[in-house]
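# Reading the structure
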Amino acid sequence: MARGGLIIFDYLLDESEDMHSVLLTDSSTLLVGGLQNHILEIDLNTVQETQKYAVETPGVTIMRQTNRFFFCGHTSGKVSLRDLRTFKVEHEFDAFSGSLSDFDVHGNLLAACGFSSRLTGLACDRFLKVYDLRMMRAITPLQVHVDPAFLRFIPTYTSRLAIISQSGQCQFCEPTGLANPADIFHVNPVGPLLMTFDVSASKQALAFGDSEGCVHLWTDSPEPSFNPYSRETEFALPCLVDSLPPLDWSQDLLPLSLIPVPLTTDALLSDWPAANSAPAPRRAPPVDAEILRTMKKVGFIGYAPNPRTRLRNQIPYRLKESDSEFDSFSQVTESPIGREEEPHLHMISKKYRKVTIKYSKLGLEDFDFKHYNKTLFAGLEPHIPNAYCNCMIQVLYFLEPVRCLIQNHLCQKEFCLACELGFLFHMLDLSRGDPCQGSNFLRAFRTIPEASALGLILADSDEASGKGSLARLIQRWNRFILTQLHQDMQELEVPQAYRGAGGSSFCSSGDSVIGQLFSCEMENCSLCRCGSETVRASSTLLFTLSYPEGSTSDKTGKSCDFAQVLKRSICLEQNTQAWCDNCEKYQPTIQTRNIRHLPDILVINCEVNSLKEADFWRVQAEVAFKMAIKKHGGEISKNKEFTLADWKELGSPEGMLMCSSVEELKNVWLPFSIRMKMTKNKGLDVCNWTDGDEIQWGPARAEEEHGVYVYDLMATVVHILDSRTGGSLVAHIKVGETYHQRKEGVTHQQWYLFNDFLIEPIDKHEAVQFDMSWKVPAILYYVKRNLNSKYNLNIKNPIEASVLLAEASLARKQRKTHTTFIPLMLNEMPQVGDLVGLDAEFVTLNEEEAELRSDGTKSTIKPSQMSVARITCVRGQGPNEGIPFIDDYISTQEQVVDYLTQYSGIKPGDLDAKISSKHLTTLKSTYLKLRFLIDIGVKFVGHGLQKDFRVINLMVPKDQVLDTVYLFHMPRKRMISLRFLAWYFLDLKIQGETHDSIEDARTALQLYRKYLELSKNGTEPESFHKVLKGLYEKGRKMDWKVPEPEGQTSPKNAAVFSSVLAL
C-alpha cells in the first residue's frame, strides 16, 4: 500500500500454505515465511521473487533482523540465528518445548515467550527465556506475573521489556532484573482478546489490536513522534470543497504564496514604481549573549556550544524592534574573571574547583600533571568510578600509625580493603609527584555488600551529575571504612600461603590497632522515670556533631564555642522511648553517655546537611571574628586602615591573635587544638587550646599524666558546592615531619590542599576557614600530641618468596596438560638486577565516552575502563631463559563489555572458572607475585610497559623498567609496534591472528638482547642512532606494515639493513 492508503500491487504466492511472517530487510526487499519449508525473498521494485531459502525446521512464524543475524522463530519452539548473506543457520536456541509465541532482540539480549508441553496439552509458560548473544547461551530466566503472549523491548533509558497477555494485561520489567507486580497495567480491549502488539520506532507509542478489529494507541505524551524524522501521515483525500483556509495576517512568517493569484499580464497593484519604494532588508537578529561569552576563535571563525535556547536552524525575525536593541555587544555581561571562566565560579578559588583530566590522542602521556602538583607527594586520579573518596584515602595515608599498620597487613581474603589500601599506600610511598590511581582498591570496595547496602557505590551517571549529597556520602564512607578496617584487623589470621604476614609489630592476638587508635570506650546509661537505671558499655570509632537545639535557627549572634558543641556531642543526653525491664513496657527515658577512655585519634562527622547547620557555623564564625577584634580596641570597620603598631599589637602574644591579617580571622570558628580532661566523676571537660595556653598550663606531655590530653587538628574534609560540576570533595591535611623527611629530606610540618591530583601548600588558617556559601565542612580529624611516639612505626614487608611457588588454579577444567608455564623452583628465586620479560593482556569493562566539539575535533570525556585479564612473566636468564614462570588468567566478577580477542587473545569463557581451561587465579594473587618481584629489585623487560603497569595498578621505579618501545625510539618520532621491530631486527613474524603474551614477552627479551648487541651495551650511541635512522626509513617505505609471507624478502637482505650487518 501507498502512504495514502491506495493498493500499489498484489502478489500471489503459488507454493505457500499459510503465510505468517513478513520482514522488510531494506527499502526494496521483503522476506516472507510461513508453515512451508522455505522462505521467499521478493524485490518490491520489480515485484518478483528473487531468492528461495530452504528452512530445515518448517513453520517460521516470526522473523527479526539485527546487524548480525536474521532471527527466525519456529512453531516447534526454536529460534534460529541465520547469516545475513547466505541465510545459513549459525546458532539455534531450543527455547520452549511446546511452541513459540513471540520474541524480540535488543543489543546483546534475546527474550522469548511461548508454550511448554504439559500432561494436559500446551500451557503458557510464565518464564521468559533470555539469551546472551555474546556468549550464545541462556542466562537466568525472567519470571513474570501475566501469561505472556507478546513482548517487545522498549529501550529508552534502560532495556525495558513490555510483556502483554491476550487478556489485556501489560507488565514492564528489566530483562536481567526481577519483575514487580506493581508494574502491571491493563488494556481495555473492545474484543475479548488481544491479537497483536507493536511499539513505534520512536518508542513513544504502543499499539494493541484486538479481536474486534480495533486498534488501541498508548502514548507517553499528547503529541508523540511515531518515527524518527517522520512526516505527517497521509490519509485518503476527502471531497474537495471550493473553499480556502483563512490566513492570519498577524504572523510575520506567513508565506503570501498561499494566496492563489490568477495568471494575468496586467500590472499588479503591488508593482509600485522604484521612485516610490526603497528596499529595506531585514536586520540580522542579535546573537545570543551566552554564545558570545563562550565563543572561542580559531583564526577569524568563532566556535561555541549550542545553548539549546531555540529550535535547530530556526531564527525568528523581530521586525518591529528599534535599531538600538540590535546592539548585541552591549548586552554581553563580562565575567569578573574573564570570558574564559564561568561567571558563577568567581567566588570559588581555582584550586578548589573540580579538576578533570583532558585526554588527547595519546591518552594521559601528554597531560601535564606537574602543572597541578609541584610537590613530591602523590595525588589520586578522579576518573575511576566511586573516586569521590580520594580525599579520605589521603587523610588515612598521612596518619603515620595507620599507614604503617595497613602496610604491615596481609591476609588471604580475595577482596580485603585493608590489603588493597596497603598496596595503594605503598604506591603513594614510591611516587615522586606522579599521580596514582586506586582502581584495585575501588574494585574491592565495589564487591563489599555493606558498601552497596549503605548506598556508597554510585552509578556513573549519579557521580557525574553530583546526584545526592557528597557531604553525607563521604561521612557515611568515613564510618564504613573505619568499621571495615577494624573488622579486617580483628579477623587477621596468619595463612600458610602468606607466611610472615602476621609479623606486624602493631597487633597482638585478637586485638585491633584500629580500635586502639580510633575507638572510644563509653558507658550508656538509661534512666526510666520509675527510677530504674540500666548501664551498658559500648565503643564508637567516631562522633557526630550534635548542635544545640534552637541555636541552629537563632541568628542573633549568641556565642557558642566549638569545644562546648563537641562536649555536648560526645557526652550526649537525650530523651527517648526505651524498654524498661522494671515497668515491662516502653517508657520515656533519659539516655546519657559517659566516656571511659579517650581515643588517640578523634574523628568527627560535622553533619552540616541543611541550611540550619550552615547558618549556625556562619553565625558562630561571625561572633568569633567580632570577639577577636574587640580584644584589640573595640569595633574595627572593614575600611579602617591599620598602622604598623596596630598590626604588631594584633600579633602579640598578649592579644592571643597569632595571625598576620584580619582576613585570616574571617569564617573561622574551628580551633587548631582542643584540650580534653577526664574528671573523677566520669565527666569530661573540653576547651579550646591555643599556643599561649601552653605557657599557662605547661607542656601537654606533662598534663597527660593527670588525664589531660591535647588534640591537634590534622585534617579537614570539605564539600565544595558547585552547581556546574555537581560539587567535589577536597581535604586540608597537615603533613608531618616523617613524610617530608622521606620525600624531600627536610623536617618540618606544612598544611596542604589535596584536590584529587592537585596538591598545593596552603596557610594553616585556610584549613579552618569555611565560607558556607561554597565551602562546607564535612569531616574533622584531631590527633593526640606526640601520637607517633606511642607506636612502633617500622614497616616489615609482609610479602615473601612463597607467593611465587606453585598454586592451584580456580578453573575446574584446568589440567596439567594445559599448563603453559613452569613455576620457579627455590634455587631459581630472582635476585637484584635479574631480567624478567613481562606482558599483559586486557579486556574492556566500560567503553570510552567521547564527544565531538563544535569545531569538529573529538574530545574524550572518560576513557575506557580496562581490566587486566592475563599476566605473563618469562625468565630472562639462566638455562631456562625464555620459559614463562607466571602465566595467570585473572578471574573477574565484573561484566566484560569487550574481550578484545584480536588484540588480547582472550576469548569468552577464558575468565570463567566454570568452563575455563586456563590457569585461572585472582588478581590479588598475581599482584602479590609482581609486588615481590618489584620489591626484590628485578628489571622488567617488555613493550609498552607503562600502560601495563597502569592498568595492573603498580608503581614501578623507573630504573627497574626496560621498555623496548622507548629503546627503539627517536625523539619526536612515532612509537614502533613490537610486531614491526620483531620482523625488522629478529626476522620473526608474530601477532598473526591474535596476540599471545608469552610470545610478546619472549620477543621483548630478544629485542633487548639485540639492543645491547647493537649499542655495545650502551657505549656507542652514535652507531645505534644510525641503526634507528635505517629502521625509521624502512618503516616509512613499508607504511609500518609487516609484509605477508609471499611478499617482500627479509629485511636482512635489504640494502637499508646493511648498517646493522656492518656493526
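Quick notes on the rules
- Residues numbered from 1 in each chain as written.
- Predicted model: local features only at pLDDT ≥ 70, side-chain atom pairs only at ≥ 80, totals over all residues.
- Heavy atoms only, no water.
- Core = buried A, V, L, I, M, F, W, Y, C linked by side-chain atoms within 4.5 Å.
- Buried < 20%, exposed > 50% of the residue type's maximum accessible area, 1.4 Å probe, protein only.
- Helix = DSSP H or I, 4+ residues; strand = E, 2+ residues; numbered from the N terminus.
- Contact = heavy atoms within 4.5 Å.
- Disulfide = S-S within 2.5 Å.
- Polar contact = N/O pair within 3.5 Å; in protein donor to acceptor, adjacent residues only side chain to side chain.
- Pairing = 2+ DSSP bridges.
- Phe/Tyr/Trp six-rings, centres within 6.5 Å; stacked < 30°, edge-to-face > 60°.
- Patch = residues over 30% accessible without salt bridge, like charges linked within 9 Å, V, L, I, M, F, W, Y side chains within 5 Å.
- Areas by Shrake-Rupley, 256 points an atom, 1.4 Å probe, with all protein chains shown as cover.
- Salt bridge = Lys/Arg side-chain N within 4 Å of Asp/Glu carboxyl O.
- Axes fitted to C-alpha atoms, helices over the stretch in contact; angles between N-to-C directions.
- Parallel < 35°, antiparallel > 145°, perpendicular 65-115°, else oblique.
- Left-handed = near helix turned anticlockwise from the far one by under 90°.
- Nonpolar A, V, L, I, M, F, W, Y, C, P; charged D, E, K, R; others polar.
- pLDDT = per-residue confidence, 0-100.

Counting 106 residues, the largest nonpolar core has Tyr388, Ile474, Trp477, Phe518, Ile601, Tyr781 and Phe940 as the members making the most contacts within it. Examining the composition of this core, we find that 10 residues originate from one element, helix α8 (residues 470-490), more than from any other. Excluding its chain neighbours within four sequence positions, the residues that come into contact with isoleucine 474 are Tyr388, Cys389, Cys391, Met392, Leu729, Ala778 and Ile779. Core analysis: the second largest hydrophobic core is formed by 55 residues, Ile348, Ile604, Val608 and Tyr711 among them.

Applying the stated criterion across every chain yields a total of 0 disulfides. Sulfur of cysteine 113: no disulfide; nearest cysteine sulfur belongs to cysteine 124 and is 7.0 Å away.

Examined against the element boundaries, serine 431 turns out to sit in the loop between α4 (417-430) and α5 (439-446). Here the side chain of serine 431 touches glycine 433 through a polar contact of 3.5 Å, landing on its backbone nitrogen.

Glancing now at the pairing of strand β29 (residues 601-605). In terms of burial, β29 is a largely internal element, 5 of the 5 residues being buried. A two-sided burial pattern is seen for β29, the buried positions comprising Ile601, Val603 and Asn605 on one face and Leu602 and Ile604 on the other. Of the strand pairs in this sheet, strand β26 (residues 543-544) and β29 are connected by 2 bridges, and their pairing is parallel. Across the sheet, residue phenylalanine 543 finds its bridge partner in β29, namely isoleucine 604. Relative to strand β36 (residues 775-784), β29 runs antiparallel, the two being bridged by 5 bridges. Among the inter-strand pairings, leucine 602 is bridged to a residue of β36, identified as tyrosine 782.

This part takes up the packing of aromatic side chains. Under the criterion given, the structure shown has 40 aromatic pairs. Considering the side-chain rings of phenylalanine 69 and phenylalanine 71, the 6.0 Å spacing of their centres and the 80° angle between planes classify their relative orientation as edge-to-face. Its relative accessible area of 8% is what places phenylalanine 69 among the buried residues. Ring geometry for phenylalanine 398 against tyrosine 739: centres 4.9 Å apart, planes inclined by 55°, an arrangement best described as tilted. Of this pair, phenylalanine 398 sits in the loop between α2 (390-397) and α3 (400-407) while tyrosine 739 sits in helix α15 (residues 737-744); the two residues are 341 residues apart in sequence, bridging distant segments of the chain.

The next point concerns unusual backbone geometry. Located in the positive-phi region is methionine 136, a residue other than glycine, with phi close to 55°. Positionally, methionine 136 belongs in the loop between β12 (127-132) and β13 (137-138). Not every positive phi belongs to a glycine, and asparagine 667 is a case in point at roughly 60°. Within the element layout of this structure, asparagine 667 appears in the loop between α12 (644-650) and β30 (673-678).

Our focus in this paragraph is a nonpolar patch on the surface. On the surface, Trp249, Leu256, Ile259 and Val261 cluster together into a nonpolar patch covering about 460 Å² of accessible area. As for its position among the elements, valine 261 is in the loop between β21 (215-219) and α1 (289-294).

With that settled, the discussion passes to the sheet that holds strand β6 (residues 69-74). Here 4 strands make up an open sheet; going across it, the order is β5-β6-β7-β8 and the pairing antiparallel. Taken across any chain shown, the strands that pair with only one partner, and hence form the sheet edges, are β5 (60-65) and β8 (89-94). Direction aside, the axes of adjacent strands within the sheet are offset by 20° on average. Bridging between strand β7 (residues 78-83) and β8 involves 5 bridges; their strand directions are antiparallel. Pairing of lysine 78 across the sheet is with aspartate 94, part of β8.

Once that is clear, we can look at the packing of helix α20 (residues 978-986) against helix α21 (residues 997-1014). Where α20 meets α21, the closest approach of the two axes is 10 Å, and the angle between their N-to-C directions is 50°. One way to sum up the angle between α20 and α21 is to call them oblique. Handedness of the crossing formed by α20 with α21: left-handed. Taking contact as the criterion, the partners of Leu978, Leu981, Ala982, Phe985 and Leu986 in α20 are, on α21, Asp1000, Thr1003, Ala1004, Gln1006, Leu1007, Lys1010 and Leu1014. Split by residue class, the contact of α20 with α21 holds 8 nonpolar, 2 polar and 2 charged.

Quick look at the confidence of the model for the protein chain now. Model confidence for the protein chain is summarised by a mean pLDDT of 81, while 83% of its residues fall at 70 or above. Taken element by element, the protein chain is modelled with least confidence in helix α23 (residues 1058-1062), mean pLDDT 32, and with most confidence in strand β43 (residues 939-942), mean pLDDT 95. Within the model, the stretch residues 493-510 combines pLDDT values under 50 with 31 contacts to residues more than four positions away or in other chains. With pLDDT under 50 throughout, residues 635-645 is counted as low confidence; its partners more than four residues away or in other chains account for 6 contacts.

This paragraph deals with the environment of serine 891. Mapping serine 891 onto the fold places it in the loop between β41 (884-890) and α16 (901-904). By relative accessible area, serine 891 is classed as buried at 15%. Separated by 28 residues in sequence, serine 891 and histidine 919 have C-alpha atoms that sit 9.8 Å apart. Residues within four places of serine 891 in sequence aside, it is in contact with Arg443, Leu810, Leu911, Leu920 and Thr921.

As a further point, take the sheet that holds strand β16 (residues 159-164). Strand order in the open sheet made by the 4 strands is β15-β16-β17-β18, with antiparallel pairing throughout. Two strands close off the open sheet at either side, each with one partner strand: β15 (150-155) and β18 (184-186). Recorded for the sheet is a direction-independent mean angle of 25° between the axes of neighbouring strands.

Before going further, it helps to examine the pairing of strand β10 (residues 109-118). Each regular strand shows side chains that alternate between the opposite faces of the sheet. Most of β10 is tucked away: 7 of the 10 residues are buried. In the sheet, strand β9 (residues 99-106) pairs with β10 via 7 bridges, with the strands oriented antiparallel. Residue pairing in the sheet places histidine 106 in a bridge with leucine 109 of β10. In this antiparallel pair of consecutive strands, β9 and β10, the connection spans 2 residues, and glycine 107 shows a positive phi of 60°. Across 4 bridges, β10 lies against β12 in antiparallel orientation. Looking at the pairing, alanine 112 lines up with lysine 129 of β12. Strand direction decides the pairing type here: β10 and strand β11 (residues 121-124), joined by 4 bridges, are antiparallel. Paired with serine 117 across the bridge in β11 is leucine 122. If you look at the hairpin formed by β10 and β11, you'll find 2 residues sitting between the two strands.

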